[in-house]
Structures are given as structure tokens and as C-alpha cells.
Amino acid sequence: VGQGLLSLPPALLARIAAAVGTPTYVYDAEHIRRQFRRLQAALGTLPHRIHYSVKANGNLAVLSLVHHLGAGADIVSGGELARALRAGFSPGEIVFSGVGKSERELVAALEAGVGLINMESAGELALLHRLARGRAAPVAVGIRVNPDVAAETPHPYTQTGRSGMKFGVPMDQVVTLARAVAAERDVVLRSVGMHIGSQIAEPGPYAAGAARLADLVAELRAAGIATLTSVDVGGGLAVPYGSEPGLEPGAFVAAVAPLAHQTGLPLLMEPGRFLVGNAGCLLTRVLYRKRSGGRAFVITDAGMNDLLRPSLYQAYHEITVVDPTAGQAAEAADPEGNPAASATSASPATLVDVVGPNCESGDFLGLDRHLAGAVPGALLAVLSAGAYGFGMSSQYNSRPRAAEVLVDGERFAPVRRREGVEDLMRGETTTLEWENG
Ligand code: LLP
């Protein structure tokens, strides 16, 4: 299916859809393993630790797989902490990042004993100081730096490394913050790091950011702060969504290796999309077709609540018809799939907008696509949906969230059951118990 984006056989996808229904996310275990090994091979003998970024795909089965490959976890919430622990990561293998950790989340991280907590502001450090007071061993903290480097990504929302953005501590404030860490007994500075964006296809920004981190480590050491045990270069490695190549792991490693060499510190990295992006697809069935104002619509049973990326970022996802031959025969009879109209349909519409059932004009999976065979009943696969697919899905329009399935070789196993209507209303009530009299 597709241009090497996903290697699962159409017959298997059709079987999964028949067994589990649609919409369903399907993840290929072997692809995740392959990507992990590619990254490890590129890193070679460079001292490093790979912490999988849970936000990309937090399904427990995916987490467990990545854990067995030897990765740690990079988390950004108490919920991700619970997932990582449930999937088998030991607390020491977990790095806690994020610009707005709540007191409750920091307490949970301290109680679990996570390996590293990345600070993003002086206020957060002050809160952590207070919470960490009197602990048996000092809490390992890192500082997420904003290195002020521009990294081109397909959408402004996925750029994070420029000054003026909410992420990280500005370069000129880092030494002050590091001194504040060093001044306290209950915390110890173990890492400085960056994460400059997501879906970065060029090594240049990594090299630029790494150079700034190297200078910073030297500056910290000159200031007498010599407790660092790693430098964190974040995630963001681009994968192909169409015919573009993505970022070669070798090019990424070449860009960040000087940081390890100059500082003598092991690299920590936090890839998400690189490991899982092209391991997944979203299976959806065509419900209807219609035409309006010269456009042809393919209406599917998955929409923006299932896969938000096209709507939110105008992101391109390849869409393929899983069994085109079956659909093409039907389409030849009637391109709009309307039996009564088949005699009058002269020109088959092959340029179509693939749109979802949500009541929003921005609800689409793909615009202006050539999709032969996308007739009612046809099974479609939306590719490159393994990262930021299910995790960004919602119950908008009171649509239960999709099922998830893991494939390993020829076998497949459900790893999250499809939600039902009871899941939509869990915790709600019509019985009003007023809390204030
Ligand atoms: N580390 C930190 C601190 C991060 O914020 C992120 C992603 C990562 C690592 C992993 O980045 P990756 O290797 O997956 O690019 N929803 C957007 C992507 C948002 C990424 C947020 N941070 C999308 O669908 O493109």
C-alpha cells in the first residue's frame, strides 16, 4: 500500500476491518522495530539513550514494544506517566518534560521516582524545590533550553525552538536558573536539552542547536556547575508522508555528535514520530459519495475527531483504496454509488475530497485526491497515521473513539477496543448534587 509508507498487505488490512470494523488504527510492530534499529545503527558507539516520546502514540501495546526494544520514555503529563509505568518502564527510565506541569503531576513524578524532570521556568523550579525538600536523595532535574534556532517544519504549530515561543528557558536565563538549582540541596542539575520542533527534515537546525548547547555546557562548567550527566537533543526527526525522503538518521547523528564529543556527555534523545509515524494507518470505510458545486466528495466513517492532523495543520496524508479492483468495477457502473443514477452518470469523478462525518467544513482527511474505486463500501487506508493520530483524536460530535490493532507479521491483535456510547457519557449525571447548599 502506498509509496513504501506502509508495508502491510491489503488482504490483511481487509481482514482486520472485517473483524474489528472501522474506523480502526492499525500499527505494524515490525516497522517500529526497524525504525528503532535504524536509529541505533546510526548512533553506533556514540554514548546515548533513546527515550520514546509517548505523546506520539501512547497505546500500551506500542509502549510495551518500544520498552522491550530498550528505549526509555519521554512524558509530558501525569497521564503519560501512568501509561509508561503500566507499560513496564521503570521510573528511572522516564524523563518528564512539558511547559506546564501541575503540582499534582510533579508530586506524582517525585513519588514514582522518575529519572529526570526537565524544568521550563523559574516558577516551576521554585515549586519543585518546595516539593523536593527533605527527600532522601536529590531530585535529578534538567533544563529545557530555548536555543533560538529556526527549524523549518510543515506548519508553524510544530516549531518550538525560536525565541518568543512558550517552550524552553531562553539562553540568557539558563545560567541563572542553573545556579538556582545548584544552590539547593534537594535538587541536582543533570541535563540541559532542547527540542526544536517536529517533522524536521534537515540536519542544519540540529547542528545549530547542538552547537549552542555545547557552548552552554562550557559556560555552566566555567560557572562551577559540573553535575551534568547528559545532554538532551529532543526529537523531531521527519518521516515521509508522501514522496519526500524524511530525515536520514545518519544525517541527524552527524549533526548532534559534536555535542557529545565536545562535552564528553552521553546524548539523550526523544524521538516520537520517527519510530511510529509510518508504522500506522487509519482504516475507514466510504459511506457515501456526492457532488456539489463542481466538487466530488467521498464521505468516510472517519473524520477530524479520529485524525485531526489534516484539519489542524493542513497535513498531507496519503490515502489509498485497500481493494481497488472491487471498487473500480462498481465505480464504472456508477461513480457516485447511486444505483438509481447509474444511467445518467457520464463522467466518473476521480478527483475527490475525502471528508468525514463531523459537522465542520474543516473536517477532511484529504483534498483533491485521485482515488479510483472509492465507492460506498470501499475500504480506505489513511497512511502515516501512527504518530499523533489516535492520541489527538476526540469524541467530538459524540463519536466514540476508534479501535486500535497491532500487527506482527501475519498476526493481528486488538490493543484498544472501540469505544461505545457508554464511554461517551462516563462520569456524567443528570442528578444534580449541589456542592454549595
Ligand atoms: N520531545 C519533546 C519535548 C516534544 O515536545 C516532542 C513533540 C517530542 C520530543 C517528539 O517529537 P517527534 O519526534 O515526534 O517529532 N501534533 C504534532 C506534533 C507535535 C509534537 C509535539 N512535541 C503533529 O501531529 O505533527
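Residues numbered from 1 in each chain as written. Predicted model: local features only at pLDDT ≥ 70, side-chain atom pairs only at ≥ 80, totals over all residues. Heavy atoms only, no water.

Draft legend 1. Molecular detail of the packing of helix α5 (residues 103–112) against helix α6 (residues 122–132). α6 packs onto α5 with a crossing angle of 50° between their chain directions and a minimal axis gap of 10 Å. In this view, α5 runs oblique relative to α6, as classed from their interaxial angle. Relative to α6, the crossing made by α5 is right-handed. Each of E103, L106, V107 and L110 in α5 lies in contact with α6, whose residues at this interface are E124, L127, L128, R130, L131 and A132. For the contact of α5 with α6, a count of residues per class yields 7 nonpolar, no polar and 3 charged. (Axes fitted to C-alpha atoms, helices over the stretch in contact; angles between N-to-C directions. Helix = DSSP H or I, 4+ residues; strand = E, 2+ residues; numbered from the N terminus. Parallel < 35°, antiparallel > 145°, perpendicular 65-115°, else oblique. Left-handed = near helix turned anticlockwise from the far one by under 90°. Contact = heavy atoms within 4.5 Å. Nonpolar A, V, L, I, M, F, W, Y, C, P; charged D, E, K, R; others polar.)

Draft legend 2. Fine view of unusual backbone geometry. Look at the link from T22 to P23: it is a cis peptide, with omega at -5°. When you line up the elements, P23 lands in the loop between α1 (10–20) and β1 (24–28). A positive phi is found at D368, a non-glycine position, where the angle reads about 55°. With respect to the element layout, D368 can be found in strand β15 (residues 364–370). Judged by its relative accessible area of 45%, D368 falls in the partly exposed class. Even without being glycine, S384 reaches a positive phi, approximately 55°. (Buried < 20%, exposed > 50% of the residue type's maximum accessible area, 1.4 Å probe, protein only.)

Draft legend 3. Quick look at the packing of helix α2 (residues 29–43) against helix α9 (residues 249–263). Contact pair α2 / α9: the axes reach a minimum separation of 9 Å and the direction vectors enclose 40°. The angle between α2 and α9 falls in the class oblique. Seen along the crossing, α2 lies across α9 with a hand that is right-handed. Contacts between α2 and α9 involve R38, L39, A42 and L43 from the former and P249, G250 and V253 from the latter. Among the residues forming the contact of α2 with α9, the class breakdown is 5 nonpolar, 1 polar and 1 charged.

Draft legend 4. Main features of the site of the ligand. In the vicinity of the ligand there are 18 residues, among which S198, G236, E270, R309 and Y388 approach most closely. At a separation of 3.3 Å, an oxygen atom of the ligand approaches a polar side-chain atom of K55. A distance of 3.4 Å is found between a nitrogen atom of the ligand and a side-chain nitrogen or oxygen belonging to D74. Alone, the ligand offers 580 Å² of accessible surface; in the complex the protein occludes 91% of this. Of all the cavities here, the one that holds the ligand is the largest pocket. Looking at the shell around the ligand residue by residue, the classes come out as 4 nonpolar, 8 polar and 6 charged. (Near = heavy atom within 4 Å. Polar contact = N/O pair within 3.5 Å; in protein donor to acceptor, adjacent residues only side chain to side chain. Areas by Shrake-Rupley, 256 points an atom, 1.4 Å probe, with all protein chains shown as cover. 1 Å grid on protein atoms, 1.4 Å probe; cavity = no way out; pocket = protein on both sides within 12 Å on 5 of 7 lines; lining within 4 Å. Sits in = over half its atoms within 2 Å of the grid points.)

All we've got here are geometric facts, nothing functional implied.
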